[in-house]
Amino acid sequence: MNKLFNRKEAKKKRKYLRNNMTKAEIFLWSKLKRKQLSGYKFRRQYSINNYVVDFFCPEIKLAIELDGAVHGYESNIRKDKKRQNEIEALGIKVLRFSNCDIFENMDEVLNNIANNCKQKD
């Protein structure tokens, strides 16, 4: 059976992404780390199958993706949808937020994540 999570081949990519997080990722991570949100442990830049998601809570199989401006292009929308479908086929819920949501509606974003955590219990 193939390993689905944090594959060795993706280690360099995960490390690079952790060391080069966007401002939106840094801001959200400051609210998720150390079990600050509903007591759940989130990991950042976590690989699932052939993809690396921005944040992941293994306990409840919840992935969070942040979308910057480049995700608005048609080709990227198709890629993101395919990626999301493949991840969700593994029984993982994917939440997507825009970078604008993070900066302008952080309370709403955190409430949305917390509500999804409770639903998974």
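Not measured: the values here are computed from a predicted model.

Draft legend 1. Here's a closer look at unusual backbone geometry. Despite not being glycine, Lys35 shows a phi value in the positive range, around 55°. Take Lys35: it is sitting in the loop between helix H2 (23-32) and strand S1 (43-48). Here Gln45, not a glycine, exhibits a phi torsion of approximately 50°, which is positive. Mapping Gln45 onto the fold places it in strand S1. Judged by its relative accessible area of 2%, Gln45 is buried.

Draft legend 2. Geometry of the packing of aromatic side chains. A full pass over the atoms with the stated rule returns 5 aromatic pairs. Residues Phe5 and Tyr46 carry aromatic rings whose centres are separated by 6.1 Å and whose planes lie at 45° to one another, so their mutual orientation is tilted. Here the residue Phe5 occupies a position in the segment before helix H1 (11-19), and Tyr46 occupies one in strand S1, the gap between them amounting to 41 residues. Considering the side-chain rings of Phe5 and Phe56, the 5.9 Å spacing of their centres and the 20° angle between planes classify their relative orientation as stacked. With Phe5 in the segment before H1 and Phe56 in strand S2 (residues 51-57), this pair connects stretches of sequence that are 51 residues apart. A network of ring pairs unites the aromatic residues Phe5, Tyr46 and Phe56 as a single cluster.

What counts, and where the lines are drawn
Residues numbered from 1 in each chain as written. Predicted model: local features only at pLDDT ≥ 70, side-chain atom pairs only at ≥ 80, totals over all residues. Heavy atoms only, no water. Helix = DSSP H or I, 4+ residues; strand = E, 2+ residues; numbered from the N terminus. Buried < 20%, exposed > 50% of the residue type's maximum accessible area, 1.4 Å probe, protein only. Phe/Tyr/Trp six-rings, centres within 6.5 Å; stacked < 30°, edge-to-face > 60°.

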